[in-house]
Amino acid sequence: MPMIEFNTAPAPAGSDQADAYQDAILPKVSRTFALTIPQLPPELRRAVANAYLLCRIADTIEDEPALSAEQKRSFENAFVDAVTGDTDAQEVADDVAPLLSNETLEAERDLMRRLPLVLEVTRSLEPAQQASIVKCLKIMSHGMHEFQRKAGLHGLPTLHDLDRYCYCVAGVVGEMLTELFVDFEPALAPHRNTMLRLAVSFGQGLQMTNILKDQWEDRTRGACWLPQDMFARHGIKLSELKSGKQNAGYAATMSELVGIAHAHLRQALDYTLLLPSRHAGVRRFCLWAIGMALLTLQNLRNNLDFSAGTQIKISRKAVARTILFTKLFGKSNGALRWLFAVTARGLPLTPLTAEWSEPSTPARTWPKRSIPHIADIAWRETADAQEVHHP
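Since this is a predicted model, take the numbers as computed values, not measurements.

Q: Mind showing me how you'd approach the overall build of the chain here?
A: For the chain, the count of helices and strands is 17 helices and zero strands. Compactness check: the chain gives a C-alpha radius of gyration of 20 Å against a globular reference of 21 Å for 391 residues, within 12% of the reference. Taken along the three principal axes of its C-alpha coordinates, the chain extends 60 × 50 × 40 Å. Split into buried and exposed, the 391 residues of the chain put 55% on the buried side. As presented, the chain carries roughly 16800 Å² of accessible surface, and 53% of it is formed by carbon and sulfur atoms. Within the chain, one finds 42 positive and 44 negative side-chain charges whose respective centroids are separated by 10 Å.

Dropping the structure here:
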């Protein structure tokens, strides 16, 4: 199968205006990534920031309540075509931006309007970086649409469906970042397959933490991403769930889900420790995300009857401590394992299902192999790209 092709001229250097816009808009659409991305070395920083902004545009289209399911599918396709150069980016921006409602943040509406400027940076990236970003966007946009189309207060049918959802919105991002890291540091090539597998678990841990924290806000938008089967075992019907009226069955299921997220974050630490200690900034990029997720899970564990995400939000002091300790211990694998254990002390730990530990090639990693629209297709493109760029 051929590599992804871009209908563009040779990559330009990118304009100062485009880089300045990327730097300025990032903190307006994500305070977390505005904190972590600057830790990366310059060669990675531009690519990761650009990738995040493009993923955010895909999110914006899919989350816009004023758009119909048909419009979202059409605009997602047009957006990906604009990234690959198969359609005019300005036309896509002009078509989508005016339809975004006030339910979408002004910074996100501006990001949509300035799509051509964002793509100036994309076009200046290395071909392998562009290919990784496009592959991620294709899987993410298609997967998000399929899940959003069926979203409701009834939740997802099973834990396996939650795995699939988390892969499409977060695990695939972990794989993209891994490809960017390996491209940046060829010494990681022998660990690529292991890292790609662990990256999916990394993404799952972060996304599950967000789903648990944001569940009540999601419900106000008519969506629930919790697994029906786990709650049903405790007599809970998700469609009837109401904040402030949870019972022991709800708390028991939440504790189990916190334990699953914790187990995935353990694999996220394993992933991070494969990164050479000399790349302290890349380690910090990962460690800060893990630390903040663990602290959020601790807040959840202590407030299972919460009714709003603001009650679970970690404090600035906690974030500052995470930054300080990871800077102090960032080069020592033993010290980082100790720090993780201390931060996670008291958290429930739920063993992951067998699929997560089955040895497999990156193309068949759980839960990717269970998602029809990506099975055997997009990741063949990755293999081809690797052969071309890392002979």
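Q: Honestly, the pattern of salt bridges in this entry has me stumped. Any pointers?
A: Pairing between side chains of opposite charge can happen when the charged atoms of each approach one another. As enumerated under the stated definition, the model contains 15 salt bridges in all. Close ionic contact of Lys-368 with Glu-175 constitutes a salt bridge, the shortest N to O distance being 2.7 Å. Of the two residues, Lys-368 sits in the loop between helix H16 (333-343) and helix H17 (378-389) while Glu-175 sits in helix H9 (residues 159-184), which places them 193 residues apart along the sequence. Neither residue differs from the other here; Lys-368 and Glu-175 are each classed as buried. Salt bridges sharing common partners tie together Glu-106, Arg-109, Asp-110 and Arg-113.

Q: Can you help me understand helix H7 (residues 115-124) in this one?
A: Spacing of three or four residues puts side chains on the same side of an α-helix, whose turn is 3.6 residues. Counting buried residues in H7 gives eight out of 10 residues, a clear majority hidden from the surface. Residues Leu-115, Leu-117, Val-118, Leu-119, Val-121, Thr-122, Arg-123 and Ser-124 constitute the buried set of H7. Looking at the buried residues of H7, the elements they touch are helix H1 (16-29), helix H3 (42-63), helix H4 (69-84), helix H5 (89-96), helix H6 (106-113) and helix H8 (127-149).

Q: Any chance you could explain the side chain of His-262 here in plain terms?
A: Its location among the elements puts His-262 in helix H13 (residues 248-273). Excluding residues that lie within four positions of it along the chain, His-262 makes contacts with Leu-294, Leu-297, Phe-340, Ala-344, Leu-347, Pro-348 and Leu-349.

Q: What am I meant to see in the packing of H9 against H13 here?
A: The relative placement of two packed helices is expressed as an angle between their axes plus a distance between the axes. It is the contact of H9 with H13, at a shortest axis distance of 14 Å, that shows an interaxial angle of 15 degrees. For the element pair H9 / H13, the angle class is roughly parallel. For H9 against H13, the interelement crossing comes out right-handed. Along its contact with H9, which presents Leu-159, Leu-162, Gly-174, Leu-177, Thr-178 and Phe-181, the element H13 presents Leu-257, Ile-260 and Tyr-271. Here the residues of the contact of H9 with H13 are counted per class, giving seven nonpolar, two polar and no charged.

Q: Whenever I open this one, the packing of aromatic side chains confuses me. Can you help?
A: Centre distance and the angle of the planes are the two values used to describe a pair of aromatic rings. Taken as a whole and assessed by the stated rule, the structure comprises 10 aromatic pairs. Taken together, a centroid distance of 6.3 Å and an interplanar angle of 90 degrees make the contact between Phe-181 and Phe-285 edge-to-face. Remark: Phe-285 occurs in helix H14 (residues 280-302) and Phe-181 occurs in helix H9; sequence separation between them is 104 residues. Residue Phe-181 is classed as buried on the basis of its relative accessible area of 3%. On the basis of relative accessible area, Phe-285 is assigned to the buried category, the value being 7%.

Q: Can you walk me through unusual backbone geometry in this structure?
A: Trans peptide bonds make up most of the peptide bonds, and negative phi angles are found at most residues other than glycine. The omega torsion across Trp-366 and Pro-367 is 0 degrees, close enough to zero to call that bond cis. Checked against the element boundaries, Pro-367 lands in the loop between H16 and H17.

Quick notes on the rules
Residue positions within a chain follow its written sequence, with the count starting from 1. Per-residue local features are limited, in this predicted model, to residues with pLDDT of at least 70; the limit for side-chain atom pairs, both in listing and counting, is 80 or more; totals at the level of whole chains, interfaces and linings are taken over all residues. Side-chain figures throughout are based on the complete set of non-hydrogen atoms in the structure, without hydrogens or water. Helix numbers and strand numbers start at the N terminus; a helix is a DSSP run of H or I with at least 4 residues, a strand a run of E with at least 2. For a compact globule the rule gives 2.2 Å times the number of residues to the power 0.38, and the radius of gyration it is set against comes from C-alpha atoms. For the exposure calls, accessible area comes from a 1.4 Å probe over protein chains only, and a residue counts as buried if that area is under 20% of its type's maximum, exposed if over 50%, partly exposed in between. Calculation of accessible area relied on Shrake-Rupley with a 1.4 Å probe; when residues are assessed, cover is drawn exclusively from the protein chains displayed. Asp and Glu are treated as the negative residues and Lys and Arg as the positive ones, with His and the ends of the chain left uncounted. Where a charge sits is defined by one atom per residue type, namely NZ (Lys), CZ (Arg), CG (Asp) or CD (Glu). One speaks of a salt bridge when a side-chain nitrogen belonging to Lys or Arg is within 4 Å of a carboxyl oxygen belonging to Asp or Glu. Two residues qualify as a contact provided that any one of their heavy atoms is within 4.5 Å of a heavy atom in the partner residue. Fitting a line to C-alpha atoms yields each axis, with helices limited to the stretch in contact; the angle taken between N-to-C directions then spans 0 to 180 degrees. Each angle gets one of four labels, with under 35 degrees taken as roughly parallel, over 145 as roughly antiparallel, 65 to 115 as roughly perpendicular, and the rest as oblique. Definitions for this section: a left-handed crossing has its near helix turned counterclockwise from the far helix by less than a right angle. A right-handed crossing has that turn clockwise. In this count, Pro and Cys sit with the nonpolar residues alongside Ala, Val, Leu, Ile, Met, Phe, Trp and Tyr, while Asp, Glu, Lys and Arg are called charged and the others, Gly among them, polar. Working definition: a ring pair exists when centres of Phe, Tyr or Trp rings (six-membered ring for Trp) sit within 6.5 Å. Plane angles under 30 degrees give stacked, over 60 give edge-to-face, the rest tilted.

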